[in-house]
Amino acid sequence: MIIDSLSFTPWSALLGGVLIGAAAALLILLNGRIAGISGIVGGLLRPVRGDILWRITFVLGLILAPLVYGVFHAWPATQIDADYGVIIGAGLLVGIGTRYGSGCTSGHGVCGISRLSPRSIAATVIFMAAGFVSVYLIRHVL
């Protein structure tokens, strides 16, 4: 195994984790809502009066934060080795999985585990294991 020491950025990763945790904590403390992205976006698809503004604000923050970052720092180089069909298919599978799993990685993995929710712990173990198996099969078997 080779570790790319130039890409190892523990301080920015720690800061990112602290910011995600603080945002999730503030949302639940101030709004009584779980910071699960699939649930937040899903609520915009079935709007309920009085429940739209905070959802729109949250999603706008997700979109604007990287743009603000880009103003102050150069965008990191990215390389995606998949065509648009694979990316769209993967996105649809993730969406279907969040519906069947009653939440996403942010809702279960960040917010659920921090609340010691047994359902969220089980869901996180299952989707992480499925991810590990998928990567192994695609990279080493197929």
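Let me sum up the structure you'll find in this document. Computed from a predicted structure; not experimentally measured.

**Describing the pattern of salt bridges**
This model, assessed by the stated rule, comprises two salt bridges. Of the charged contacts in the structure, one is a salt bridge between Arg33 and Asp51, with a shortest N-O distance of 3.0 Å. Pair noted here: Arg33 is in the loop between helix 1 (10–31) and helix 2 (37–45) and Asp51 is in the loop between helix 2 and helix 3 (53–72), with a separation of 18 residues, a long-range link. For Asp51, a relative accessible area of 10% corresponds to the buried category. One salt bridge in this structure joins Asp51 and Arg55, with 2.8 Å as the shortest N-O distance. The pair Asp51 / Arg55 is uniform in exposure class, with both members buried. When salt bridges that share partners are traced, they join Arg33, Asp51 and Arg55 into one network.

**Considerations on the side chain of Ser120**
Within the secondary structure, Ser120 sits in helix 6 (residues 118–141). Look at Ser120 and you get buried, because its relative accessible area is 4%. The contact partners of Ser120, leaving out residues within four places of it in the chain, are Gly107, His108, Gly112 and Ile113.

**Looking at the nonpolar core**
Core analysis: the biggest nonpolar cluster contains seven residues, these being Ala24, Leu27, Ala35, Ile40, Trp54, Val59 and Cys111. Residue assignment for this core shows that the elements contributing at least two residues are helix 1 and helix 3. Once you skip the residues sitting within four places of it in the chain, Ile40 turns out to touch Leu27, Ile34, Ala35, Trp54, Arg55, Phe58 and Val59.

**Some points on unusual backbone geometry**
Phi at Ser102 is positive, roughly 55°, even though this residue is not glycine. Residue classification places Ser102 among the partly exposed residues on the basis of a relative accessible area of 47%. Located in the positive-phi region is Leu116, a residue other than glycine, with phi close to 60°. The residue Leu116 is located in the loop between helix 5 (105–114) and helix 6 in this model.

**Description of the packing of helix 2 against helix 3**
Look at helix 2 against helix 3: their axes get within 9 Å of each other, and the N-to-C directions meet at 125°. In terms of their interaxial angle, helix 2 and helix 3 are classed as oblique. Both helix 2 and helix 3 take part in a crossing whose hand is left-handed. Side by side, helix 2 and helix 3 meet where Ile37, Gly39, Ile40, Val41, Gly43 and Leu44 of the first sit next to Trp54, Arg55, Ile56, Phe58, Val59 and Leu62 of the second. Looking at the contact of helix 2 with helix 3, its residues break down into nine nonpolar, two polar and one charged.

About the criteria used
Residues numbered from 1 in each chain as written. Predicted model: local features only at pLDDT ≥ 70, side-chain atom pairs only at ≥ 80, totals over all residues. Heavy atoms only, no water. Salt bridge = Lys/Arg side-chain N within 4 Å of Asp/Glu carboxyl O. Helix = DSSP H or I, 4+ residues; strand = E, 2+ residues; numbered from the N terminus. Buried < 20%, exposed > 50% of the residue type's maximum accessible area, 1.4 Å probe, protein only. Contact = heavy atoms within 4.5 Å. Core = buried A, V, L, I, M, F, W, Y, C linked by side-chain atoms within 4.5 Å. Axes fitted to C-alpha atoms, helices over the stretch in contact; angles between N-to-C directions. Parallel < 35°, antiparallel > 145°, perpendicular 65-115°, else oblique. Left-handed = near helix turned anticlockwise from the far one by under 90°. Nonpolar A, V, L, I, M, F, W, Y, C, P; charged D, E, K, R; others polar.

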